[in-house]
Amino acid sequence: MSFIAKAFEITGKGVDSGVEAVEEWNEHRHAQKLLLKLGVAVYAEQRLGHDHETVERILNAIDGFVAENGEVELNHLRVAKDVLGEDFVEAHSGDESVEATA
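Quick caveat, the model's predicted, so the values are computed rather than measured.

(A) Here's a closer look at the nonpolar core. Membership of the largest hydrophobic core is limited to eight residues, which are Ala 31, Leu 34, Leu 38, Ala 41, Val 55, Ile 58, Ile 62 and Phe 65. Among the elements of the structure, helix H1 (3–48) and helix H2 (53–69) are those that each provide at least two residues to this core.

So this is what it looks like as structure tokens:
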């Protein structure tokens, strides 16, 4: 293989992996926006008397995102512990590795 052909091959692989990284980042960013909107909608419902329809609409959007892209990639245990508390996570996980990560 010539030097030029090898250079094109290496460049092509780099561009492909860069495109994949950007697409993954955009999916992650979209998921984060949905979760932020859910938090705002729940706050509005619980504290400001807003209706539950907005929460359901955003939950359906999250379900659609998960169906299309797979699980939202977060450190689920860390986030759940931050939001719900370590006792809740341990009681509902059924996973003994939860205690190991504590």
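(B) Region of the structure containing H2. Compared with an ideal rise of 1.5 Å per residue, which puts 17 residues at 24 Å, H2 spans 24 Å between its outermost C-alpha atoms and is within 8% of the ideal. If you check which residues of H2 are buried, you get Thr 54, Val 55, Ile 58, Ile 62 and Phe 65. In an axial view of H2, the angular spread of the buried residues amounts to 100°, which keeps them on one side of the axis. Away from its buried face, by an angle of more than 90 degrees, H2 presents the exposed residues Glu 53, Arg 57, Ala 67 and Glu 68. The secondary structure elements touched by the buried residues of H2 are H1. Taken from the residues just after H2, Gly 70 is the one with a positive phi, measuring 90°.

(C) Looking closely at a positive patch on the surface. A cluster of basic residues, Arg 29, Lys 33, Lys 37 and Arg 57, forms a positive patch on the protein surface. Here the positive patch gets three residues from one element, more than from any other, and that element is H1. Structurally, Arg 29 can be placed in helix H1. Given a relative accessible area of 39%, Arg 29 falls into the partly exposed group.

(D) Spatial organisation of H1. Given a rise of 1.5 Å per residue, 46 residues ought to cover 68 Å, and the 66 Å separating the end C-alpha atoms of H1 matches this to within 8%. Buried within H1 we find Ala 31, Leu 34, Leu 38, Ala 41 and Ala 44. Against H2 lie the buried residues of H1.

Analysis parameters
- All chains use their own residue numbering, which begins from 1 and follows the written sequence.
- Given that this is a predicted model, residues contribute local features only at a pLDDT of at least 70 and side-chain atom pairs are listed and counted only at 80 or more, while totals for whole chains, interfaces and linings are drawn from all residues.
- Only hydrogens and water are removed before side-chain values are computed, so all heavy atoms of the structure are retained for them.
- Each nonpolar core is a collection of buried residues, namely Ala, Val, Leu, Ile, Met, Phe, Trp, Tyr and Cys, held together in the definition by side-chain atoms within 4.5 Å.
- Burial classes follow relative accessibility: with a 1.4 Å probe on protein chains only, a residue under 20% of its type's maximum area counts as buried, one over 50% as exposed, and anything between as partly exposed.
- The way it works is that DSSP assigns letters per residue, a run of H or I at least four long becomes a helix, a run of E at least two long becomes a strand, and they are numbered from the N terminus.
- A helix is expected to span 1.5 Å multiplied by its residue count minus one.
- Working definition: the arc comes from the directions between the helix axis and the C-beta atoms, pointing outward to the latter.
- Any two residues whose heavy atoms approach within 4.5 Å are treated as being in contact.
- Surface patches are defined over residues having more than 30% relative accessible area and no salt bridge, joining like charges when they lie within 9 Å and nonpolar side chains (Val, Leu, Ile, Met, Phe, Trp, Tyr) when within 5 Å.
- Under the convention used here, a 1.4 Å probe and the Shrake-Rupley method define accessible areas, while residue burial counts only the protein chains that appear.
- The term salt bridge refers to a side-chain nitrogen of Lys or Arg lying within 4 Å of a carboxyl oxygen of Asp or Glu.
- When charges are tallied, Lys and Arg are placed among the positive residues and Asp and Glu among the negative ones, while His and the ends of the chain are skipped.
- The location of each charge is read from NZ of Lys, CZ of Arg, CG of Asp or CD of Glu.

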